[in-house]
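What follows is the residue order along each chain.
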Amino acid sequence: LRAGGREALVYNLSAIDWGTGQELLALRELGTAAAPDAVVLFLYPANDLVNNSPLLAQSTSVSAGDLIRPYVRAADGELRVEYLSPWCAWLRRHSRLFASFERRSLAGRGGLRVVEDYAERLRRGSAPREDLEIFRSHADSRDRWRQAWETSFALLRTVHRDCEAMGARLLVVVVPSV
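Let me begin by describing the structure that accompanies this report. (Residues numbered from 1 in each chain as written. Predicted model: local features only at pLDDT ≥ 70, side-chain atom pairs only at ≥ 80, totals over all residues. Heavy atoms only, no water.)

**Details of unusual backbone geometry**
At Asp17, a residue that is not glycine, the phi angle is positive and equals roughly 70 degrees. Following the sequence through the fold, Asp17 ends up in the segment before α1 (20–34). A residue is classified by how much of its surface remains accessible, and Asp17, at 21% relative accessible area, is partly exposed. (Helix = DSSP H or I, 4+ residues; strand = E, 2+ residues; numbered from the N terminus. Buried < 20%, exposed > 50% of the residue type's maximum accessible area, 1.4 Å probe, protein only.)

**A look at the side chain of Glu130**
Tracing the backbone shows Glu130 in the loop between α5 (118–123) and α6 (144–166). By relative accessible area, which is 8% here, Glu130 ends up buried. Separated by 3.1 Å, the side chains of Glu130 and Arg121 make a polar contact. Beyond its immediate sequence surroundings of up to four residues, Glu130 is in contact with Leu56, Ser59, Thr60, Glu116, Arg121, Arg144 and Trp145. (Polar contact = N/O pair within 3.5 Å; in protein donor to acceptor, adjacent residues only side chain to side chain. Contact = heavy atoms within 4.5 Å.)

**A short note on the layout of surface pockets**
Roughly 1,200 Å³ of volume is contained in the largest pocket. The greatest single-element share of the lining of the largest pocket, amounting to seven residues, is contributed by α1. Considered class by class, the residues forming the lining of the largest pocket number 26 nonpolar, four polar and six charged. In this model, the second largest pocket occupies a volume close to 220 Å³. Around the second largest pocket sit Ile16, Asp17, Trp18, Gln22, Gly65, Ile68, Arg69, Pro70, Tyr83, Ala89, Arg92 and Arg93, which together line it. Ranked by residue count, the leading element in the lining of the second largest pocket is helix α3 (residues 86–94), at three residues. Looking at the lining of the second largest pocket residue by residue, the class counts come to six nonpolar, two polar and four charged. (1 Å grid on protein atoms, 1.4 Å probe; cavity = no way out; pocket = protein on both sides within 12 Å on 5 of 7 lines; lining within 4 Å. Points joined across faces, edges and corners; volume = space filled by probe spheres on them. Nonpolar A, V, L, I, M, F, W, Y, C, P; charged D, E, K, R; others polar.)

**Points about α1**
Arg28 marks where α1 bends most, by close to 40 degrees. Within α1, the full set of buried residues consists of Thr20, Gly21, Gln22, Leu24, Ala26, Leu27 and Gly31. At its buried positions, α1 is contacted by β1 (38–43), α2 (45–52), β2 (71–75), β3 (78–82) and α6. Positive phi shows up at Ala35, right after α1, with a value of about 50 degrees. (Bend = angle between axes of the 7 residues up to and from the residue.)

**Topic: the packing of α1 against α6**
For the pair α1 and α6, interaxial distance at closest approach is 10 Å and the crossing angle is 10 degrees. As the angle between them shows, α1 and α6 are arranged roughly parallel. The two elements α1 and α6 cross, and the hand of that crossing is left-handed. Along its contact with α1, which presents Thr20, Gly21, Leu24, Leu27, Arg28, Gly31 and Thr32, the element α6 presents Leu155, Leu156, Thr158, Val159, Asp162, Cys163 and Met166. Its residues assigned to classes, the contact of α1 with α6 comprises seven nonpolar, five polar and two charged. (Axes fitted to C-alpha atoms, helices over the stretch in contact; angles between N-to-C directions. Parallel < 35°, antiparallel > 145°, perpendicular 65-115°, else oblique. Left-handed = near helix turned anticlockwise from the far one by under 90°.)

**Some remarks on the packing of α2 against α6**
Relative orientation and spacing of two packed helices are given, respectively, by the angle between their axes and the distance between those axes. Contact geometry of α2 with α6 gives a least axis separation of 9 Å together with a crossing angle of 90 degrees. Judged by the angle between their axes, α2 and α6 are roughly perpendicular. Contacts between α2 and α6 involve Pro45, Asp48, Leu49, Val50 and Asn52 from the first element and Trp145, Ala148, Trp149, Thr151, Ser152 and Leu155 from the second.

**Observations concerning the pattern of salt bridges**
A full pass over the atoms with the stated rule returns 15 salt bridges. Residues Arg121 and Glu130 are paired through a salt bridge, measuring 3.1 Å at the closest nitrogen-oxygen approach. The exposure class assigned to Arg121 is buried, which follows from its relative accessible area of 6%. A salt bridge links Arg144 to Glu130, with the shortest nitrogen-to-oxygen separation between them at 2.9 Å. One end of the pair, Arg144, is in helix α6; the other, Glu130, is in the loop between α5 and α6, and 14 residues separate them in sequence. (Salt bridge = Lys/Arg side-chain N within 4 Å of Asp/Glu carboxyl O.)

Set out below in structure tokens:
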């Protein structure tokens, strides 16, 4: 930007293993004070869909933070935050000792390991690994991958509305999967 003659101040609010919902919470917490002209959101569907949907939590190995992640549902601009274990979330907010113990405990387990029988998944007509379902069509409205896409689109629409309300342009960069 400077090379193009524009002064710019850039804030990086990203964090590893965040989903769109967590990015939206950060935008609401810090965005107004930053008064951005533009917001750039990187969307990596290969793990963001899992990070956005509690229906997919702990079903793939692409997202280690499922147990402590806040899942965000957006409807008409209102946000509802859910946790897989609400009582752990409460303890995490109110006890540094619990939060420290939980971090050490989760780190010691080496992350989530999902063991799948690839041949059995293929016999059922599924993708060889659960995380590869992202590349398949899911016509049934009750399908959890379809619901994850719908949740992600609702979150993106809410980010867009929030950016407009702040007077900021939104640029969504979709990062392709391998």
